[in-house]
Amino acid sequence: TFVFAAEFKPYPGSKVDNKATKDATELLKQSGMGGKATIYTTGDTFEKVNGFYKGIAKEYKMPGEEGVKKLPSGQELNEAYFIFDGAKDIMVSKLWIKIQRPYIGSVEMGKDFQVKYKDVRDVTAITVSEHK
């Protein structure tokens, strides 16, 4: 069996989104999960960013997540996950990323359990999740 272990490399030209990083790290603390999240953004396409990480880390497919997801606006939601430390899944991984376009800053449950997406931006986001 081949074990994939690599070091995270920021996508070329991406920038850390300080506010989103602070919010995500605070959410981790509040949830009791701990760890650290860093969010990078780029104007490059999801496909280009996804292709970059396919050459570096092991892609992880979320169970049951098949097909195209769409936001209430009709916009397509693209997501991919990559594991850097050779773990079998992201639940036990100490270093993994999520690539997403568009970026969704937060999700809120509204009346009648309607999901509301907030801070939706047409950028590709790379969320780095690090745990000790």
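Note: the structure precedes this text.
What you see is a predicted model, and the numbers here were worked out from it, not measured in a lab.

Rules used in this analysis
Residues numbered from 1 in each chain as written. Predicted model: local features only at pLDDT ≥ 70, side-chain atom pairs only at ≥ 80, totals over all residues. Heavy atoms only, no water. Helix = DSSP H or I, 4+ residues; strand = E, 2+ residues; numbered from the N terminus. Contact = heavy atoms within 4.5 Å. Pairing = 2+ DSSP bridges. Buried < 20%, exposed > 50% of the residue type's maximum accessible area, 1.4 Å probe, protein only. Arc of directions from axis to C-beta. Salt bridge = Lys/Arg side-chain N within 4 Å of Asp/Glu carboxyl O.

Let us look at the side chain of Asp17. Tracing the sequence through the fold places Asp17 in the loop between strand S1 (15–16) and helix H1 (18–31). If we skip the residues at most four places from it in the chain, Asp17 touches Ile39, Thr41 and Arg121.

Quick look at unusual backbone geometry now. With an omega of 0°, the peptide bond between Arg101 and Pro102 qualifies as cis. Tracing the backbone shows Pro102 in the loop between strand S6 (95–101) and strand S7 (103–109). Look at Asp119: it is not a glycine, yet its phi comes out positive at around 55°. When you line up the elements, Asp119 lands in strand S8 (residues 115–121).

The next subject is the pairing of S7. Bridging between S7 and S8 involves six bridges; their strand directions are antiparallel. Residue pairing across strands places Ser106 opposite Lys118, the latter belonging to S8. Where S7 folds back onto S8 in an antiparallel hairpin, the turn is made up of five residues, including Asp112, whose phi is positive at roughly 55°.

If you trace the backbone, Asp44 turns up in the loop between strand S2 (36–42) and helix H2 (46–54). With a relative accessible area of 25%, Asp44 lands in the partly exposed category. For Asp44 and Lys118, which are 74 residues apart along the polypeptide, the C-alpha to C-alpha distance reads 21 Å. Beyond its immediate chain neighbours, meaning those up to four positions away, Asp44 contacts Tyr11, Val49, Arg101 and Thr124.

Along H2, the positions that sit buried rather than exposed are Phe46, Val49, Asn50 and Tyr53. Summarising the axial view, the buried residues of H2 lie within an arc of 100°, below the 170-degree limit, and thus occupy one face. Turned more than 90 degrees away from the buried face of H2 sit Glu47 and Lys48, all of them exposed. In the core, the buried residues of H2 are packed alongside S2, strand S3 (58–60), strand S5 (76–83), S6 and strand S9 (124–130).

On inspection of all chains with the given rule, the structure shows 11 salt bridges. For the salt bridge of Glu59 with Lys54, the shortest nitrogen-to-oxygen distance reads 3.6 Å. Take Glu59: its relative accessible area is 27%, and that puts it in the partly exposed class. Residues participating in the shared-partner salt-bridge network are Asp17, Asp119 and Arg121.

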